[in-house]
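The residues making up each chain are set out below.
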Amino acid sequence: MAATVWTGRTRQAVTTLGMVTRASHSAVKSHYDAVIIGGGHNGLVAAAYLQKGGLKTAVLERRHVLGGAAVSEEIIPGFHFSRCSYLLSLLRPHIFKDLELKKHGLKLYMRDPHAFTPMLEGGVGGLPPRSLLLGSDLAMNQREIGKFSETDAKAYPEFITHLDKLAVAIHPLLDSPPVDIAGLTGGALRRRMAALRSALPLVQCGFKLGKNIPDFYEIMTAPIMKILNRWFESEPLKATLATDAVIGAMTSPNSPGSGYVLLHHVMGELEKEKGAWGYVEGGMGGVSKAIASSARSHGADIFTEQDVYQVLVGSDGSAKGVVLKDGTEIYSRVVLSNATPYVTFKTLTPQSALSPAFIKAVDQIDYTSPVTKINVAVDKLPNFLAAPTPDGKPGPHHQCSIHLNCESVEVLQTAYEDCKEGRPSFRPMIEMTIPSVLDPTLAPPGSHVVLLFTQFTPYSLVGGRAWTEQDREAFADSVFSWIEQYAPGFKSSIVGKDILTPPDLERIFGLTGGNIFHGAMSLDQLYLARPLPSLSDYRSPIKGLYLCGSGSHPGGGVMGSPGWNAALAAMADLKRG
């Protein structure tokens, strides 16, 4: 499948990889039990569970490749990129097991160490600049932190234990829908009893937290710096930890509620290892490919290049299926939308079927995004002054999330403030990953794919001006210049690039506002209020229409859980009739 993309300063058609299913409209049946709009990972998970539950299910993806944000694309010849999302952790263990994803080809590369923060500073006594390397080896972590503060080195193990206690307590909430408040406060006895069961995960969470409930409340509401300043004194350590509190979010380390985003990123699990993040062989599209394979093995029909125009709503106000942009009508008993809540209710649902008050509420959902993703092909491995590898062979730090411009929290705060004023950060926060150091399938021998997750960039520039190609190139060049200071020779090694600003992420992947989480992960948009209080149980005002994407609880990054919960809700409603 040919696609036109930016590589360097020229456009050229290159092959796009992924789980591609070219299907003519005649291959799509006219009737299904369930139709899923969007072939992102959550939609595919929903399809697998619906089909396993005996419902004939179809997935309709508008792009030529499955996966939504979890895709692999060869946007530069010979280089295979995780074009949007780039690391795996929060794939729920029961989904991994239920769908037999290993059997269906999912292969993971675990990272240890996992975080590397080099300093921009002159070396002392001929030594390289300092750096901070963190992994699973607690003794190594303490040695690394001790370069900056022996006090912090002693405090770090207790801090990690403290975070782990909070993260583990949340796990019951990740795998269950929020409490059914309406059922608890009204309705028939049977519904009230079912609603009581929905409160069990919350009760389990409370019991697990125990005396740590006040600490949990604080991390949910406080600026992360209030917490980090209590534990630590060294800026590189605080800044490195603070990046996980702001990654993907239009927030600063000094903003209330930023503590939760840090917790969100430490409560993952991979291969039974708590808090681990890893690379997927072949890129993130490998996850989507495995989930799709599992769904197909149970009988699901999965199609690409099938662009849904609108949800069909009957005279009784319930969803009856979908109509494609070419006019083809596909009827179904239920419809699940893997699109963002905004796209689902403002674009795909007839506005006449929704109340003005509901539409107004949908308009208020926050999709602000500070992210520009830059995918880079290089002909040699970056060589960092702080950890030189002159032979060109990867060091342990190359497999990490490499944090650049993270010498101090002040640097992160200033980057955020630039964006608040409508300007891309002068000194952007850069998270670099080089998955090809572990996965040889991604790049030609000796070459590498470099994925740059950068912040902070606004959706619109000063004065509401849209991004131009010149703006994109200027920002990318600024990012490359900063990397050059840490790893001289980086700029000359670039053979191609793909620059995705917030509007590009929205246009290509359907991420409203460019927000990678399908909506901000702020306190007013979590749990009972995600994406709105009236939508927290995955059901919409249209009977038979459900949300199954990351805009629903538990939110972006928790791979598979929204799709699983939405599928269970749809099956339960069909059973009740």
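Placed above this text is the structure.
Source: prediction; values computed, not measured.

Peer 1: Is there a simple way to think about the environment of His-448 in this case?
Peer 2: The topology assignment puts His-448 in strand β20 (residues 448-455). Among the polar contacts made by the side chain of His-448, one reaches the side chain of Ser-436 at a distance of 2.7 Å.

Peer 1: What am I meant to see in unusual backbone geometry here?
Peer 2: Keep in mind that most residues, glycine aside, have a negative phi and that most peptide bonds are trans. Looking along the chain, the bond that leaves Asp-112 and enters Pro-113 is cis, with omega of 5°. Along the chain, Pro-113 turns up in the loop between β7 (108-110) and β8 (115-118). Here the bond from Gln-455 into Phe-456 is cis, since omega is 15°, no more than 30 degrees from zero. On the secondary structure map, Phe-456 appears in the loop between β20 and α16 (469-486). One non-glycine residue with positive phi stands out, namely Asn-405, at about 60°. Inspection of the secondary structure puts Asn-405 in the loop between β18 (401-404) and α15 (409-420). The exposure class assigned to Asn-405 is buried, which follows from its relative accessible area of 0%.

Peer 1: Which parts of the structure should I look at to understand the packing of aromatic side chains?
Peer 2: Geometrically, a pair of aromatic rings is defined through the distance of the ring centres and the angle of the planes. A full pass over the atoms with the stated rule returns 13 aromatic pairs. Taken together, a centroid distance of 5.0 Å and an interplanar angle of 75° make the contact between Phe-159 and Phe-232 edge-to-face. Here Phe-159, found in helix α4 (residues 150-174), pairs with Phe-232, found in the loop between α9 (224-231) and α10 (235-246); they are 73 residues apart in sequence, far enough to count as distant. Ring pairing ties together the aromatic residues Tyr-156, Phe-159, Trp-231 and Phe-232, which thus form one cluster. When the ring centre of Tyr-279 is taken as reference, the NZ or CZ atom of Arg-111 above it lies at 5.3 Å.

Peer 1: What am I meant to see in the environment of Phe-509 here?
Peer 2: Among the structural elements, Phe-509 can be located in helix α18 (residues 502-509). For Phe-509, the residues in contact, after removing those within four places along its chain, are Arg-62, Arg-63, Gly-68, Ala-69, Val-71, Glu-73, Arg-83, Cys-84, Leu-500 and Asp-504.

Peer 1: Help me understand the sheet that holds β8, please; the structure alone is not making it clear to me.
Peer 2: Sheet strands line up and pair through hydrogen bonds in the backbone, either parallel or antiparallel. One open sheet accounts for seven strands, arranged β9-β8-β18-β19-β20-β17-β21; its pairing is mixed. Of all the strands in the sheet, the pair left with one neighbour each is β9 (131-134) and β21 (494-500). For this sheet, the mean angle separating the axes of adjacent strands, direction not counted, is 20°. Relative to β9, β8 runs antiparallel, the two sharing four bridges. Bridge pairing links Ala-115 to Leu-134 in β9.

The rules behind each value
- Residues numbered from 1 in each chain as written.
- Predicted model: local features only at pLDDT ≥ 70, side-chain atom pairs only at ≥ 80, totals over all residues.
- Heavy atoms only, no water.
- Helix = DSSP H or I, 4+ residues; strand = E, 2+ residues; numbered from the N terminus.
- Polar contact = N/O pair within 3.5 Å; in protein donor to acceptor, adjacent residues only side chain to side chain.
- Buried < 20%, exposed > 50% of the residue type's maximum accessible area, 1.4 Å probe, protein only.
- Phe/Tyr/Trp six-rings, centres within 6.5 Å; stacked < 30°, edge-to-face > 60°.
- Lys NZ or Arg CZ within 6 Å of the ring centre and 35° of its normal.
- Contact = heavy atoms within 4.5 Å.
- Pairing = 2+ DSSP bridges.
- Axes fitted to C-alpha atoms, helices over the stretch in contact; angles between N-to-C directions.

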